[in-house]
Amino acid sequence: KPGQFFMIKPAICDIFLKRPISVYNYKDGIVSMLYRISGKGTAILAKLKQDDELNVLGPLGNGFNTEYKGKNIALVCGGIGIAPMVYLAESLRSNNNIDIYVGFKDEVFIPDSFKDFKDKIYIATESGKEGFRGFVTDIFDPQYDIVYACGPDIMMKKVASMCKENNIKCFVSLESHMACGLGACLTCVCDTKYGKKRVCREGPVFNGDELWI
């Protein structure tokens, strides 16, 4: 499902723990991943070649609800938070009207899969290199039936707050360090208004109004 993830590491390497990487797309039986090189694990993944082996566990986690029909929906993405939104957009597009808001610091990455949404993509860059100069939350118009968000916590917190003020249903996908991906290690526990929950099991998708209490 859109919003789920896999725990991945190269089969032969000196890294002990797998890395959680979200589903970028799923088509014709092939799962695609999009990730940013941010440490030793992802740097090794980036050097793999065809026929190299991976140690993979998944799909894991609680994904996005894609059962809605006839709704006006906004996807709000920040940086690499755009990764799980591609499969989500593909899953929602046939039954709903979708607008996409994307924010970056400087370099803009718009997946090829978003080309069909070219008239409905709103871009913000902190550097002003492309689109609106500022944050994606500056251009986000909270006038939708449903909003999905993925990106930095500060961005998602702002989006969730704007949605709450306008009585809009909002879902956010959290990123977290995790060791097992199965809910046993408790590394990825987050606070909610219903108590502590595990990002890998109860998430990574949460209702926006239960977080940042």
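Here the residue numbering is sequential within each chain, running from 1 through the sequence in written order. Whole-chain, interface and lining totals are the exception, using all residues; otherwise, since this is a predicted model, local features are given only for residues with pLDDT of at least 70 and side-chain atom pairs are given and counted only at 80 or more. The basis for the side-chain values is all heavy atoms of the structure; hydrogens and waters are excluded.

Peer 1: Explain the sheet that holds strand β13 (residues 205–207) to me, and be specific about the residues and the numbers.
Peer 2: By this definition, two strands are paired if DSSP reports at least two bridges between them. Each helix corresponds to a stretch of at least 4 residues labelled H or I by DSSP, and each strand to a stretch of at least 2 residues labelled E; elements are numbered beginning at the N terminus. Taken together, 7 strands build an open sheet; the order of strands is β8-β7-β6-β5-β9-β10-β13 and the sheet is mixed. The open sheet has two free edges, formed respectively by β8 (132–133) and β13, since each of these has just one partner strand. Pairing analysis gives 3 bridges linking strand β10 (residues 169–173) to β13, with the strands arranged antiparallel. From the neighbouring strand, S173 faces β13, where its bridge partner is V205. Packing against the sheet, helix α2 (residues 85–92) makes contact with β5 (72–78), β6 (97–104) and β9 (146–150), and its axis sits at approximately 170° to β5. Two residues qualify as a contact provided that any one of their heavy atoms is within 4.5 Å of a heavy atom in the partner residue. Orientation is described by lines fitted to C-alpha atoms, with helices fitted over the stretch in contact, and by angles between N-to-C directions that extend from 0 to 180 degrees. Where helix α4 (residues 153–165) meets the sheet, it contacts β5, β9 and β10, and its direction lies at approximately 170° from that of β9.

Peer 1: Can you tell me about the nonpolar core, naming the residues and giving the values?
Peer 2: Soluble globular proteins tend to pack their nonpolar side chains together in the buried interior. In terms of nonpolar packing, the biggest core is built from 29 residues, with V76, F140, V147, V159, V172 and L174 touching the most fellow members. Only β1 (5–10), β5, β9, α4 and β10 provide two or more residues apiece to this core. Here this core gets 6 residues from one element, more than from any other, and that element is α4. Sequence-distant contacts of V147, defined by excluding residues within four places in its chain, comprise A74, V76, F140, V159, C163, I168, K169, C170 and F171. Buried residues of nine kinds, namely Ala, Val, Leu, Ile, Met, Phe, Trp, Tyr and Cys, make up a nonpolar core once their side-chain atoms join them within 4.5 Å. Type-normalised accessible area, obtained with a 1.4 Å probe on protein chains alone, sets the label of each residue: buried when under 20%, exposed when over 50%, and partly exposed for intermediate values. Counting 25 residues, the second-largest nonpolar core is a separate cluster that includes L92, F117, I123 and F171.

Peer 1: Tell me about the pattern of salt bridges, and name the residues and values.
Peer 2: Pairing between side chains of opposite charge can happen when the charged atoms of each approach one another. The working definition used for a salt bridge is a side-chain nitrogen of Lys or Arg within 4 Å of a carboxyl oxygen of Asp or Glu. Enumeration according to the criterion identifies 8 salt bridges in this entry. When the shortest N-O distance is used, the salt bridge between K105 and E126 registers 3.8 Å. Linking K105 in the loop between β6 and β7 (121–125) with E126 in the loop between β7 and β8, this pair joins segments that are 21 residues apart in sequence. For K105, a relative accessible area of 62% gives the class exposed. Assessed through its relative accessible area of 38%, E126 is described here as partly exposed. Look at the salt bridges and you will find they share partners, linking D106, E107 and K129 into a network.

Peer 1: Can you lay out α4 for me, pointing to particular residues and giving the numbers?
Peer 2: By this rule the span expected of a helix is its residue count minus one, scaled by 1.5 Å. Over its 13 residues, α4 extends 18 Å from the first C-alpha to the last, a length consistent with the 18 Å expected when each residue adds 1.5 Å. Buried residues of α4: M155, M156, V159, A160, M162 and C163, and no others. The arc that holds every buried residue of α4, seen down its axis, measures 160°, which confines them to one face. Facing away from the buried side of α4 by over 90 degrees, the exposed positions are I154, K164 and E165. Think of it as the arc spanned by the lines of direction from the helix axis to the C-beta atoms.

Peer 1: Mind laying out the pairing of β9, listing which residues take part and the relevant values?
Peer 2: Here β9 lies mainly inside the structure; 5 of its 5 residues are buried. Neither face of β9 is exposed, since I146, Y148 and C150 on one face and V147 and A149 on the opposite face are all buried. As defined by bridge partners, β5 adjoins β9 across 5 bridges and the pair is classed as parallel. By the bridge assignment for β9, L75 is matched with Y148.

Peer 1: So what's going on with the confidence of the model for the chain? Residues and values would help.
Peer 2: When pLDDT drops low, the exact placement of atoms in the prediction is not to be read closely. pLDDT is defined as a per-residue confidence score from the predictor, taking values between 0 and 100. Here the chain shows a mean pLDDT of 91. Residues at 70 or above account for 100%. Looking across the chain, the model is least confident in helix α1 (residues 40–46), with a mean pLDDT of 86, and most confident in β9, with 97.

Peer 1: Give a description of the state of the cysteines that names residues and reports values.
Peer 2: A pair of sulfur atoms, both from cysteines and within 2.5 Å, is called a disulfide here. As enumerated under the stated definition, the model contains 0 disulfides in all. C13 takes part in no disulfide bond, and the closest cysteine sulfur to it belongs to C180, at a distance of 18 Å. With no disulfide of its own, C77 lies closest to C150 among cysteine sulfurs, the gap being 7.6 Å. Assessed through its relative accessible area of 1%, C77 is described here as buried.

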